[in-house]
Amino acid sequence: MPVRECVCIIDPIHPVGVERIATMHDVIGPDDPRVSETSVLVIRTSPLGPDIFGAMHGLKAIVKHGAGVDNIAIPAASAQGVMVANTPGGNNSTAVAEGAVALMLGLLRRTRDMDALVREGRWAERWGIRLGDLTGARVGLIGFGRIAQRVARICSGGFGCEVLACDPLVPAADMRAVGVESADLPGVLACDVVSIHVPLTEGTRNLVDTVELAMMSPHAILVNCSRGGIVNEAALAEALRSGQIAGAGIDVFVNEPPEPDHALFGLPNCLLSPHVAGVTEAGMRDMALHVAAVIDTVSRGEVPATLLNPEVLP
Ligand SMILES: O=C(O)C(=O)COP(=O)(O)O
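Residues numbered from 1 in each chain as written. Predicted model: local features only at pLDDT ≥ 70, side-chain atom pairs only at ≥ 80, totals over all residues. Heavy atoms only, no water.

An unreviewed UniProt entry lists the chain under the name Phosphoglycerate dehydrogenase, from Novosphingobium guangzhouense. Quoted verbatim from the Sequence similarities (unreviewed entry) heading of the UniProt record, the comment on the chain is "Belongs to the D-isomer specific 2-hydroxyacid dehydrogenase family." (UniProt positions renumbered as here; feature names shortened; annotations may be inferred.)

Novice: What am I meant to see in the site of the ligand here?
Specialist: Taken together, the neighbourhood of the ligand is formed by Arg44, Thr45, Lys64, His65, Gly66, Ala67, Gly68, Asn92, Arg227, His275 and Val279. Interatomic distance of 2.6 Å between a backbone N/O atom of glycine 68 and an oxygen atom of the ligand. For the shell around the ligand, the residue count by class is two nonpolar, six polar and three charged. (Near = heavy atom within 4 Å. Polar contact = N/O pair within 3.5 Å; in protein donor to acceptor, adjacent residues only side chain to side chain. Nonpolar A, V, L, I, M, F, W, Y, C, P; charged D, E, K, R; others polar.)

Novice: Explain the domain arrangement of the chain to me, please; I cannot follow it from the model alone.
Specialist: A common measure of how large an interface is: the accessible area buried when the components associate. Segmentation of the chain into domains returns domain 1 (6-86 + 281-312) and domain 2 (92-272). For domain 1 and domain 2, the distance between their C-alpha centres works out to 31 Å. Listed as interface residues are nine residues of domain 1 and, on the opposing side, four residues of domain 2. With both chains or domains summed, domain 1 and domain 2 bury close to 500 Å², and 50% of this area falls on carbon and sulfur atoms. In this assembly, domain 1 and domain 2 are joined by one salt bridge. Two residues, aspartate 70 and arginine 227, come together in a salt bridge whose shortest N-O distance is 2.7 Å. Inspection of the region where domain 1 meets domain 2 yields two residue pairs in polar contact (both at pLDDT 80 or more). No other element matches the three residues that helix 11 (residues 281-299) contributes to the side of domain 1 that touches domain 2. (Domains from an automatic or database assignment. Contact = heavy atoms within 4.5 Å. Buried area = accessible area lost by both parts, 1.4 Å probe. Salt bridge = Lys/Arg side-chain N within 4 Å of Asp/Glu carboxyl O. Helix = DSSP H or I, 4+ residues; strand = E, 2+ residues; numbered from the N terminus.)

Novice: What am I meant to see in the packing of aromatic side chains here?
Specialist: What describes a pair of aromatic rings is the distance from one ring centre to the other and the angle between the planes of the rings. Inspection of the entire model under this criterion finds zero aromatic pairs. Here the basic side chain of arginine 126 rests over the ring of tryptophan 127, its NZ or CZ set 4.2 Å away from the ring centre. (Phe/Tyr/Trp six-rings, centres within 6.5 Å; stacked < 30°, edge-to-face > 60°. Lys NZ or Arg CZ within 6 Å of the ring centre and 35° of its normal.)

Novice: Would you mind showing me how to read the pattern of salt bridges here?
Specialist: Oppositely charged side chains are able to pair whenever their charged atoms sit close together. Counting across every chain of the model gives 13 salt bridges. Aspartate 32 is the partner of arginine 34 in a salt bridge, and the nearest nitrogen-oxygen pair spans 2.9 Å. Relative accessible area serves as the criterion here: at 36%, arginine 34 is assigned to the partly exposed category. In this structure, glutamate 202 and arginine 205 form a salt bridge, with 3.1 Å as the shortest nitrogen-oxygen distance. The network of salt bridges with shared partners includes Glu120, Arg122 and Glu125. (Buried < 20%, exposed > 50% of the residue type's maximum accessible area, 1.4 Å probe, protein only.)

Below you can see the structure in the form of structure tokens.
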């Protein structure tokens, strides 16, 4: 028999998911006086530290809307017997992959600059411009999970790109089977377009730093729709300033929102977005409905398929 859960939704999710959850459960916000009764917590990218468990004694599960769980103190959750599950599949990965390709195209086509030429009456300047091509470019993927695989399909199928990827967790044969060449990190960094698709862990923090940026070509662009901490932002700003690389498309930052005097803000060869790669209509609906499905699983006393801390199981 499913149990009626008290579901606290910390960050806003698509109404379709809220409605679905509310058919079975009590839905509250973080400021609700019943917050101590929370049995399931829904979170997006807000930080969730260990102090939460003191305030929520009956907590059974934390459901992450999206894939990355670097904002959640998972060891502390496990110590309290609290399950942590995410919603990585479906249209979340599709939306993030599209977001990465949008930044690639936005940089290569200099979308922001071209818009300014029209609005500012600088039409004649167009003759002096050569925009870049994604068609035929070599695309290097750091990480080869669901999102990177989708980027690979779009780039190879749609743009005829040669795609290379590095991921210690994916055998070269699996990459070859989908037409992607397995490479090491320097091999990927030598591509024309480099896109990052790994989770933020202690092993990936500052994975792309001064040394790695120096392995990129002056005509190359870097796209990051994964997590801010994977790229050293000061090193990236310097690489963009010095012409070590041609451009960067950045959706994620070490601190979100980034501080108002952030080193990347003054750089024209940098295209920025506010952690919205996954925030499309389909992506948001899908993640919200997946959140609702995970909550139903928990309420039936079952184990969610996307459980991330199986050590909590009896
Ligand atoms: O999928 C991820 O890891 C995300 O970053 C999703 O974040 P969001 O739920 O869109 O705030």
